[in-house]
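# Overview (structure and organization)
Residue strings, one per chain:
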Amino acid sequence: MGPVNMRLVEQARSIFAELGYTVEGNGPEFRAERAWKVVHVNTVLETETLPSSSSGEFHCFVAQAGDADDLEERLTSADPSYEWAIIVVDGDDYQVERAPPGPRVTA
C-alpha cells in the first residue's frame, strides 16, 4: 500500500457527512451508512488490489483528478460484482465521475 493522503481522506469523510451519511472508521477505508445503504469508501489509490465482492455491495472510490481515469480503467477491466462509483476531488470541489448504473429496464 502506498502513502495515505490524509487530506483526501478528510475530504472524502466530509463529502459523505454532507450527503447525510454516518461515517464509521478513521482510516483511508471507511464505511458510510444512510438508511439501508452501506457504502464502503476507499481513498487509497496506490493499492494494487481492488476490494473483493465479499466486502460489500456498494463501493465508492475517492480520487484526485489525475488518478481518476486510471482507476476507472482498472475497475472497468476487473468488472467487479459490486456497484461502484468514483468521486473526483479537485481542490475543495468534487464531482461524481462515474456513478452506478440505474435500474435496468427490460422489455
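We now examine the packing of aromatic side chains. Here a ring pair, both rings aromatic, is described through the centre-centre distance and the interplanar angle of the planes. Taken as a whole, this structure holds 3 aromatic pairs when the rule is applied. Judged by centre distance (6.1 Å) and plane angle (65 degrees), the ring pair of tryptophan 36 and phenylalanine 58 falls under edge-to-face. With tryptophan 36 in the loop between β2 (29-34) and β3 (37-42) and phenylalanine 58 in strand β4 (residues 58-64), this pair connects stretches of sequence that are 22 residues apart. Exposure remark for phenylalanine 58: the relative accessible area of 10% places this residue in the buried category. These aromatic residues form a ring-pair network of at least three members: Phe16, Tyr21 and Phe30. The ring of phenylalanine 30 carries arginine 13 above its face, with NZ or CZ at 5.7 Å from the centroid. Taking NZ or CZ as reference, lysine 37 lies 4.8 Å from the ring centre of phenylalanine 58, over its face.

A separate point is the pairing of β4. With 6 of its 7 residues buried, β4 lies for the most part within the structure. As defined by bridge partners, β3 adjoins β4 across 4 bridges and the pair is classed as parallel. Bridge pairing in β4 places asparagine 42 opposite phenylalanine 61. Here β4 runs beside strand β5 (residues 83-90); their pairing, made up of 7 bridges, is parallel. Bridge pairing links valine 62 to isoleucine 87 in β5. Between the parallel pair β4 and β5, the chain is carried across by helix α2 (residues 68-78), and the sense of this crossover is right-handed.

Let us look at unusual backbone geometry. One non-glycine residue, alanine 35, lies in the positive phi region at around 55 degrees. Note on placement: alanine 35 falls in the loop between β2 and β3. Residues other than glycine seldom take positive phi values, yet aspartate 79 does so here, at roughly 45 degrees. On the basis of relative accessible area, aspartate 79 is assigned to the exposed category, the value being 61%.

Another point: the side chain of arginine 13. Tracing the backbone shows arginine 13 in helix α1 (residues 6-18). Buried charge without a salt bridge: arginine 13, with glutamate 10 as the nearest opposite-charge side chain at an N-O distance of 4.3 Å. Here arginine 13 is in contact with Val23, Gly25, Asn26 and Phe30, once residues within four sequence places are set aside.

With that settled, the discussion passes to a negative patch on the surface. Taken together, the side chains of Asp67, Asp69, Asp70, Glu73 and Glu97 present a region of like negative charge at the surface. Broken down by element, the negative patch gets its largest block of residues, 3 residues, from α2. Note that glutamate 73 resides in helix α2. Given a relative accessible area of 56%, glutamate 73 falls into the exposed group.

Conventions used here
- Going along each chain's sequence as written, the residues are numbered from 1 onward.
- For this predicted model, a pLDDT threshold of at least 70 governs which residues receive local features, and a threshold of 80 or more governs which side-chain atom pairs are given and counted, while totals over whole chains, interfaces and linings are taken from all residues.
- Note that water and hydrogens are dropped before the side-chain values are worked out from all heavy atoms of the structure.
- Two aromatic rings from Phe, Tyr or Trp, using only the six-membered ring of Trp, form a pair when their centres are within 6.5 Å; if the ring planes differ by under 30 degrees the pair is stacked, by over 60 it is edge-to-face, and anything between is tilted.
- Secondary structure is summarised from DSSP: a helix means a run of H or I of at least four residues, a strand means a run of E of at least two, and numbering begins at the N terminus for each.
- Three exposure classes are used, based on accessible area relative to the maximum for each residue type with a 1.4 Å probe and protein chains only: buried under 20%, partly exposed in between, and exposed over 50%.
- In this scheme, Lys NZ or Arg CZ marks a charge over a ring once it lies within 6 Å of the ring centre and within 35 degrees of the ring normal.
- Two strands pair under a simple rule: DSSP has to find at least two bridges between them.
- We call a crossover right-handed when, viewed with both strands directed away from the observer, the connection leading from the first strand over the helix to the second proceeds clockwise.
- Charge counting follows a simple rule: Lys and Arg are positive, Asp and Glu are negative, and His as well as the terminal groups are ignored.
- Salt bridge criterion: a side-chain nitrogen from Lys or Arg within 4 Å of a carboxyl oxygen from Asp or Glu.
- In what follows, residue pairs with any heavy atoms lying within 4.5 Å of each other are defined as contacts.
- Each patch is built from salt-bridge-free residues with over 30% relative accessible area, joining like charges within 9 Å and nonpolar side chains (Val, Leu, Ile, Met, Phe, Trp, Tyr) within 5 Å.
- Per-residue and other accessible areas follow the Shrake-Rupley method at a 1.4 Å probe size, with only the shown protein chains counted as cover for residues.
- Every charge is mapped to an atom, namely NZ of Lys, CZ of Arg, CG of Asp or CD of Glu.

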